[in-house]
Amino acid sequence: MATRVLEAAAPLPVAVVCDDAEVGRWATENGAMALPEPGRGLNGAVEAGVGRLAGLGASEVMVAHADLPMAHGLARLAGFDGVTLVPDRRDDGTNVVCVPAGAGFRFAYGPGSFSRHRAEAERLGLALRVVREPDLAWDVDVPADIPAGFVPPIRL
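The paragraphs below set out a description of the structure included in this document. (Residues numbered from 1 in each chain as written. Predicted model: local features only at pLDDT ≥ 70, side-chain atom pairs only at ≥ 80, totals over all residues. Heavy atoms only, no water.)

**Observations concerning the pattern of salt bridges**
Inference 1: Inspection of every chain in the model, using the stated rule, returns seven salt bridges.
Inference 2: Residue Asp-91 pairs with Arg-132 through a salt bridge whose shortest N-O separation is 2.8 Å. Separated by 41 residues along the polypeptide, Asp-91 in the loop between strand 4 (83–87) and strand 5 (94–100) and Arg-132 in the loop between strand 6 (128–130) and helix 5 (134–137) bring together distant segments of the chain.
Inference 3: Note on Asp-91: relative accessible area 37%, which makes it partly exposed.
Inference 4: In this structure, Glu-120 and Arg-123 form a salt bridge, with 2.7 Å as the shortest nitrogen-oxygen distance. (Salt bridge = Lys/Arg side-chain N within 4 Å of Asp/Glu carboxyl O. Helix = DSSP H or I, 4+ residues; strand = E, 2+ residues; numbered from the N terminus. Buried < 20%, exposed > 50% of the residue type's maximum accessible area, 1.4 Å probe, protein only.)

**What about the nonpolar core?**
Inference 1: Within the largest apolar cluster, 16 residues are counted, with the highest numbers of intra-cluster contacts made by Val-63, Val-97 and Phe-107.
Inference 2: Contributions of two or more residues to this core are made by helix 3 (41–55), strand 3 (60–64), strand 4, strand 5 and helix 4 (113–123).
Inference 3: Other than its neighbours up to four places away in sequence, Phe-107 contacts Asn-43, Val-46, Glu-47, Val-50, Val-63, Val-97, Val-99 and His-117.
Inference 4: Formed by twelve residues, the second largest nonpolar core is a distinct cluster that contains Ala-8, Ala-9, Val-86 and Leu-136. (Core = buried A, V, L, I, M, F, W, Y, C linked by side-chain atoms within 4.5 Å. Contact = heavy atoms within 4.5 Å.)

**Some thoughts on the pairing of strand 3**
Inference 1: On strand 3, burial follows the alternation: Val-61 and Val-63 on one face are buried, whereas Glu-60, Met-62 and Ala-64 on the facing-out side are not.
Inference 2: Here strand 3 pairs with strand 5 via five bridges, running antiparallel. In the strand pairing of strand 5, Val-61 is matched with Val-99. (Pairing = 2+ DSSP bridges.)

Next up, the structure:
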């Protein structure tokens, strides 16, 4: 699934924030920048990654999680002047977030993150766009969430 998400981000440059050296190697082998952020937890790692990318000159950062088995066309979400949120199919979690890199957006992943991310955009006074895209709303939290017939991309 992570390979699919990387491919779905094309032609955007991609950075993978991770706390595992093997994942970092996989990222660079697949053309992405690896940003190691060990020991920070998901929210801290994402915030640190966004900060590092802002420091490298990024004006906007898209966060797309690696558990999106039907991801495609992520680049079309970029370019909005504000915050873009793609909720999960239950309108509970947040599968994709696009934010201005220097806005100081505080990420709050976990159950109920979609409402917290909406509130964060409001707190910062940023315009909010919610995109309800069925293919991007489907994430995998438990094995039963894997779509019937899902075949991961094969790299030789």
